[in-house]
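# Structure at a glance
Okay, here's what each chain looks like letter by letter:
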Amino acid sequence: MLGHRWLGDLVDVRGGRPVARKKRGKRLRVLADPFTVAAPSGARIRDRVHATGADAEVLTLAGRHLGHHQRVDLARRVEIGKVCVKDNQRTERKRSLTKHSSSRMAGAMTRASEDQYQLSLRCLYDEASSLRRAIRAITRRLAVACGTKKGKVRGYRDQAEPFDKRRRMQVLNARLARVEQRIAEGRPSIVVGGRRLAKTRHNLAKARLTEQQWRERWDAERLFLTADGESGAPFGNYTISVDPNDGSVTVVLPEPLRHLANQPRGRYRLSCTVQFSHRRDEWLDRVSANRAVRYDFVHDPERGRWYLDASWGADTAVLPTPQEIRRFGERTIGIDLNADHLAAYVLDPHGNPIGQPHSIPLDLVGPASQRDGRLRESISQLITLARRHNCAGIVVENLNFDNARATGRERMGRGRRGKTLRRTVAGIPTARFRERLRGMAFHAGLVVIAVDPAYTSIWGERYWKTPLQETNKKTTVTRHHGAAVAIGRRGLGHRIRRRPGVTVSDQRIASRRAAGQTVSVPRPRGTVSPPRTASAPVPGGKTRLDRGDQLALFLDPEDRSWGHRITYPVCRDSANTGQSR
């Protein structure tokens, strides 16, 4: 008999001896509910413009002229600072820009300046948050003595490391002070053309560029030849117009360049045409109905090519929720994103893995253009796999490594191994993968479900790796495949952990009952007639000695329809049945 608790212990009343209290496990954090990723808010397509020398010269002059005035407007917007929308003086700025271009071009420039300013402010807020996280991580570790551990915080290894960390914290505090000052003043630092390309000017030998090559890239990045769409205008855009009948492109030139026009009303018609092969039907529907379409001219100096981008806003699509997908009885595929591959597993509506595990290679090395192409190829293979198994959705983790990148030096080990791990985590394209998957899956008719990434790898390896390996003898099952199953089950609203005793490969001779998310359905009593048998009747009017014996061989139709319940013989009397316990 146990008495009261004294000083955190349980005391035995009879003997007076303290009884060890069972240690509490680690408390798990609250998990976020799975949700359906929103459909893309717009579309953007590109086609090459086979411009002649005269066309390229006109486009370059117009782009430089508009780019100069757009940079002037951006500098004026930065000087205004962080104010309300009604106080950003956009009307006055647009009126002054109209004198050097046109009303529609001036509207596009003021809109681009406002978007760039707001984006730069958000980047400042994110940088300040990242610096604060790094400072907090170092402060917590400095408060613990070297070589010891206090709670979950471990101190540094020796006295030399805290000295270096204090110096680093001073650098971080100075950076944070500068960022907070810029936020308070509302004056972010913006480099039109890119800060990285600007710094490359001082390292031409390392970048393997000549001064002329760098200048061409710099001028190309600072061109501004954009026209926002206008509903009701001819073909959705008056400034840059593309005729869907013959593919001809006409551009309204700025006022100082009207002498270069070859069409009435200051318009210049290119000698080439564009077709927009990708998603052409959607583009034709919009331009034929005179709906707004935005156009951007882009110049690639490395290849000496010009491109024309068309973009428009998409209608809001209502996508099914994870609960609706589960209710409809649709299959899904769980995805575990890793640094070098995608681990995938197909799941049925009940959360049970189907078939064999799949691994899709993800080789993200080389230039940025090649990395993006390889990422798209991996996503295409994933979509093909989902279609082959008739899946309605793709379940992924809602990953965000901002915190890990900010405090990686304090939490991801030290030395060469820690640096390798930090580079691996930083190299996982979580945001780009999510955006590419969202757009490509939506156009393929698939739904993307995002889930909380907590404990998926740990529980997937603990509860699913070994059972999956037992059912897939010829395929190597890794912990990432177990994580994919855990992710898929969480997306469907099922628990990740497996109940004790789960169906093995052969259900007929399995010694463990099927568990998972199903529930036991009681059989109706007194409504089922006894099955016929060819053997001699048993004395006492029974057709079989035990009800469980017949059910072990011939499952009820109700049991087969549920597919997860197996009833075993119940041996009540070993003498009558001839079976031993």
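The structure under discussion appears in the preceding block.
Summarised in this report is the structure supplied together with it. Numbers given for residues are sequential positions, taken from 1 along each chain in its written order. Where totals are concerned, whole chains, interfaces and linings use all residues; where local detail is concerned, this predicted model gives features only for residues with pLDDT of at least 70, and gives and counts side-chain atom pairs only at 80 or more. As a convention, hydrogens and water are excluded, and side-chain values are obtained from all of the structure's heavy atoms.

### Things to note about the sheet that holds strand 5 (residues 42-49)
Applied cut-off: Whether two strands pair depends on DSSP finding at least two bridges between them. To qualify as a helix, a DSSP run of H or I must reach at least 4 residues; to qualify as a strand, a run of E must reach at least 2; elements of each kind are numbered from the N terminus.
In space, the four strands of this open sheet follow the order 5-13-12-8, with antiparallel pairing throughout. Looking at which strands have only one partner, the edges of the open sheet turn out to be strand 5 and strand 8 (226-227).

### Remarks on empty space enclosed by the protein
The criterion, for reference: Using protein atoms alone on a 1 Å grid, points that fit a 1.4 Å probe yet trap it form a cavity, whereas open point sets bounded by protein on both sides within 12 Å along at least five of seven lines form a pocket; residues with an atom within 4 Å of a point count as lining. Grid points are joined across faces, edges and corners, and a volume is the space filled by probe spheres set on the points. Note on residue categories: nonpolar means Ala, Val, Leu, Ile, Met, Phe, Trp, Tyr, Cys or Pro, charged means Asp, Glu, Lys or Arg, and polar means any other residue, Gly included.
Counted under the stated rule, the structure contains three cavities of 30 Å³ or more. Every residue lining the largest cavity is listed: Ile335, Leu337, Val396, Glu397, Leu399, Thr430, Phe433, Arg434 and Leu437. Contributions of two or more residues to the lining of the largest cavity are made by strand 14 (331-337), strand 17 (391-397) and helix 14 (430-443). Sorting elements by how many residues they give to the lining of the largest cavity places helix 14 first, with four residues. For the lining of the largest cavity, the residue count by class is six nonpolar, one polar and two charged.

### Section: helix 1 (residues 53-80)
Stated precisely, the cut-off is as follows: The span one expects for a helix is its residue count, reduced by one, times 1.5 Å.
With 28 residues, helix 1 ought to run about 40 Å at 1.5 Å a step, and its terminal C-alpha atoms sit 41 Å apart, in line with that. At the C-terminal side of helix 1, Gly81 shows a positive phi close to 90°.

### With respect to the side chain of Asn338
To be explicit about the condition: Polar contact is the term for a pair of N or O atoms within 3.5 Å; when the atoms are in protein, one must be able to donate a hydrogen and the other to accept it, and sequence-neighboring residues count only if both atoms are side-chain atoms. The contact criterion used throughout is that any non-hydrogen atoms of two residues lie within 4.5 Å.
On the secondary structure map, Asn338 appears in the loop between strand 14 and strand 15 (341-347). Separated by 2.9 Å, the side chains of Asn338 and His480 make a polar contact. Every residue in contact with Asn338, bar those within four places of it in the chain, is listed here: Ala343, Leu362, Ile428 and His480.

### As for the packing of helix 10 (residues 368-388) against helix 14
Our working rule: An axis is simply a line fitted to the C-alpha atoms; with a helix, the fit covers only the stretch in contact. Between two such axes, the angle follows the N-to-C directions and lies from 0 to 180 degrees. If an angle is under 35 degrees, it is roughly parallel; if it is over 145, roughly antiparallel; if it lies from 65 to 115, roughly perpendicular; otherwise it is oblique. By the definition used in this description, the sense in which the near helix is turned from the far one sets the handedness, with an anticlockwise turn below a right angle giving left-handed and a clockwise turn giving right-handed.
Running from N to C, helix 10 and helix 14 point in directions that differ by 50°, and their axes come no closer than 10 Å. Taken together, the axes of helix 10 and helix 14 lie oblique to each other. Seen from above, helix 10 lies across helix 14 with right-handed handedness. From helix 10, Asp372, Leu375, Arg376, Ile379, Ser380, Leu382 and Ile383 reach across to helix 14, where they touch Arg432, Phe433, Arg436, Leu437, Met440 and Ala441. Its residues assigned to classes, the contact of helix 10 with helix 14 comprises eight nonpolar, one polar and four charged.

### Concerning the pattern of salt bridges
Heads up, the condition is: Definition used for salt bridges: Asp or Glu carboxyl oxygen within 4 Å of a side-chain nitrogen of Lys or Arg.
In total, this model carries 22 salt bridges according to the counting rule given. In this structure, Asp296 engages Arg294 in a salt bridge whose closest nitrogen and oxygen atoms are separated by 3.0 Å. Salt bridges linked by common partners bring Arg44, Arg46, Arg294, Asp296 and Asp309 together as one network.

### Overview of the environment of Cys391
Here is the rule: In this scheme, a residue with accessible area under 20% of its type's maximum is buried, one over 50% is exposed, and one in between is partly exposed, where area comes from a 1.4 Å probe on protein chains only.
Within the secondary structure, Cys391 is located in strand 17. With a relative accessible area of 7%, Cys391 lands in the buried category. With residues near it in sequence (within four places) discarded, Cys391 still touches Arg331, Thr332, Ile333, Val346, Ala386 and Leu446.

### As for the packing of helix 3 (residues 103-142) against helix 4 (residues 160-185)
The N-to-C vectors of helix 3 and helix 4 enclose an angle of 155°; their axes lie 9 Å apart at closest approach. Here helix 4 runs roughly antiparallel to helix 3, going by the angle between their axes. By crossing handedness, the relation of helix 3 to helix 4 is classed as left-handed. Here the residues of the contact of helix 3 with helix 4 sort into 14 nonpolar, two polar and eight charged.

### Examining the side chain of Ser241
The topology assignment puts Ser241 in strand 9 (residues 240-242). We classify Ser241 as buried; its relative accessible area is 9%.

### Comments concerning the sheet that holds strand 11 (residues 267-273)
The strand order 9-10-11 describes an open sheet built from three strands, whose pairing is antiparallel. Each edge of the sheet is formed by a strand with only one pairing partner; in this case those strands are strand 9 and strand 11. Adjacent strand axes in the sheet meet at a mean angle of 20°, parallel and antiparallel pairs treated alike. Note: strand 9 against strand 10 (residues 248-252), three bridges, orientation antiparallel. Opposite Val242, over in strand 10, you have Val249 as the bridge partner.

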